[in-house]
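# Structural features, examined
Here's the letter readout for the chains.
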Amino acid sequence: MPVDPVCGIEMDESLALVHEHKGKKYYFCCNGCRKIFIKKPKKYKNKS
Ligand SMILES: [Zn+2]
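The name an unreviewed UniProt entry assigns to the protein is YHS domain-containing protein, from the organism Marine Group I thaumarchaeote.

This is the structure we're talking about:
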């Protein structure tokens, strides 16, 4: 299951919001988390 890199929540892929960053897909539980990631992707992108 994909993990939200911002808050660390595991979620169902079908419910997640997807954001592509440098060819890699990231999944988020909500638009708030996605916005945080988009603002500072370097802070989160190394977490798996
Ligand atoms: Zn989240």
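Moving on, there is more to tell.
Glancing now at the coordination of the zinc ion. Protein coordination of the zinc ion is provided by Asp4 (OD), Cys7 (SG), Cys29 (SG) and Cys33 (SG), with donor distances spanning 2.0 to 2.3 Å. Here the zinc ion binds 4 donor atoms, and the angle range of 98 to 118 degrees at the metal identifies the geometry as tetrahedral. If you list the donors of the zinc ion from N- to C-terminus, the spacing comes out as D-x2-C-x21-C-x3-C. The class for cysteine 7 is partly exposed, based on a relative accessible area of 38%.

Turning to the pairing of strand S1 (residues 17-21), a few remarks are in order. Two elements, S1 and strand S2 (residues 24-28), share 5 bridges in a ladder whose sense is antiparallel. The residue of S2 that forms the bridge with histidine 21 is lysine 24. Hairpin remark: S1 followed by S2, antiparallel, with 2 residues in the connecting loop; positive phi at lysine 22, about 50 degrees.

On to the environment of alanine 16, then. Here alanine 16 lies in the segment before S1. Taking the C-alpha atoms as reference, alanine 16 lies 15 Å from isoleucine 38; in sequence the two are 22 residues apart. In contact with alanine 16, not counting residues within four places along its chain, are Met11, Tyr27 and Phe28.

Quick notes on the rules
- Residues numbered from 1 in each chain as written.
- Predicted model: local features only at pLDDT ≥ 70, side-chain atom pairs only at ≥ 80, totals over all residues.
- Heavy atoms only, no water.
- Donors = N, O, S within 2.8 Å, 3.2 Å for Na, K, Ca; no water.
- Tetrahedral: all angles 85-135°; square planar, octahedral: opposite > 155°, others 65-115°.
- Buried < 20%, exposed > 50% of the residue type's maximum accessible area, 1.4 Å probe, protein only.
- Pairing = 2+ DSSP bridges.
- Helix = DSSP H or I, 4+ residues; strand = E, 2+ residues; numbered from the N terminus.
- Contact = heavy atoms within 4.5 Å.

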